[in-house]
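Structure at a glance
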Amino acid sequence: MKQLIDLATWPRREHFTFFSGFDEPFFGLVAEVDCTRAYAEAKRLGVSFFLYYLHLALQAANEVEEFRYRIEAGRVYRYDRIHASATIGRPDRTFGFSFIEQHNDLGQFIAGANREIEAVQQSSGLRLSDTTGRPDVIHFSAIPWVRFTGLTHARSFQFPDSCPKISVGQSYQDGASLRMSVAVNVHHGLADGYHVGLFLEAFQQRLNQ
C-alpha cells in the first residue's frame, strides 16, 4: 500500500522541487559498520551472512520513513513497506536482478530469498521485469571482494529513479572487531544526510543484537 503525499503541506516541498530539477539528484556517502556480532549470530544460526545482514538492512530502511518515499509521475508517495531488488551473482560471474520480499520473521525472509536466488542462478541475463523493477524496493548490492571507501552507480538520467541504493563491501578484521563499508545513495529531494544517518544508526543497532 502507498499514500500520496500532499505537496502543498509537505515540509520538504521546496527541497523536492529544487533537487528534482538536477541532472543528478542523488547524493551518497560511505560509512563503516561493526558486524562482529551479526557475523557470529549468522554462523550460530547456520544462515547466509549476506541474507542475514540484508534482512537487518531492510528492517532498518523500513524504519526510516524517508527511505519509503518514491516519486511516480511527478508525485511523491509513501509506501507502507519496501523490499529489496538485490543483484545476485552466478557461477559464470554474471549477475541478475532479484525481488526479495521483506519479512520481519528471519526464517520466512530467508526461505523466500533462497527461492529467488535459485531462480536467478538458473537464469541468464539481467532478469529485467516489472517485479525486479518495482518502485517499492531498495536497490541492494554486495561487493565482497573490495574494501571500498567510495562508490558510484551507473545511472540513466532519463529514467525517473528515486529508489535508495545500498551497497556493502568486503568485511575485514580490525583488532577484535569485524567491520564492513556501507554505501548509501538517496534522492536528495526525498532525504538528507540526517536520514541516511538514521538508517545507519538503525542498521548498526540491529547488527549489534
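To be clear, the structure that these remarks concern was listed above.
Since the model is a prediction, treat every value here as computed from it, not as a measurement. (Residues numbered from 1 in each chain as written. Predicted model: local features only at pLDDT ≥ 70, side-chain atom pairs only at ≥ 80, totals over all residues. Heavy atoms only, no water.)

Here's the deal with empty space enclosed by the protein
Inclusion rule: We place a 1 Å grid over just the protein atoms. Points where a 1.4 Å probe fits but has no way out form a cavity, open points with protein on both sides within 12 Å along at least 5 of 7 lines form a pocket, and any residue with an atom within 4 Å of a point lines it. Grid points are joined across faces, edges and corners, and a volume is the space filled by probe spheres set on the points. Residue polarity is assigned by list, with Asp, Glu, Lys and Arg as charged and Ala, Val, Leu, Ile, Met, Phe, Trp, Tyr, Cys and Pro as nonpolar; anything else, Gly included, falls into the polar class.
Applying the stated rule across the entire model yields one cavity of 30 Å³ or more. Considering only enclosed or pocket space, the largest cavity measures out at about 40 Å³ in volume. Lining the largest cavity, in full, are Glu-66, Phe-67, Tyr-69, Ser-162, Pro-164, Val-186, His-187, Leu-190 and Ala-191. The residue inventory of the lining of the largest cavity, partitioned by class, reads six nonpolar, two polar and one charged.

Describing unusual backbone geometry
The test is simple: Under the scheme used here, helices are H or I runs from DSSP no shorter than 4 residues and strands are E runs no shorter than 2 residues, and both carry numbers assigned from the N terminus. The buried label applies to any residue whose accessible area, calculated with a 1.4 Å probe on protein chains only, is under 20% of its type's maximum; exposed applies above 50%, and partly exposed to all values in between.
Backbone geometry places Ala-73, a non-glycine residue, at a positive phi of 55°. Note that Ala-73 resides in the loop between strand S3 (69–72) and strand S4 (75–79). Relative accessible area serves as the criterion here: at 86%, Ala-73 is assigned to the exposed category. For Arg-93, which is not a glycine, the phi torsion comes out positive at approximately 75°. Positionally, Arg-93 belongs in the loop between strand S5 (83–89) and strand S6 (95–97).

Digging into the pattern of salt bridges
Pairs can form between side chains of opposite charge whenever their charged atoms are close. Note the threshold: Only one rule defines a salt bridge in this text: a Lys or Arg side-chain nitrogen within 4 Å of an Asp or Glu carboxyl oxygen.
What the rule picks out here adds up to 12 salt bridges. Its salt-bridge partner being Glu-41, residue Arg-44 comes within 2.7 Å of it at the nearest N-O pair. With Arg-44 and Glu-41 both in helix H2 (residues 36–45), this residue pair falls three residues apart, about one helical turn. Of the residues examined, Glu-41 reaches a relative accessible area of 22% and is grouped as partly exposed. Here the residues in one salt-bridge network are Glu-24, Arg-155, Asp-161 and Lys-165, joined through shared partners.

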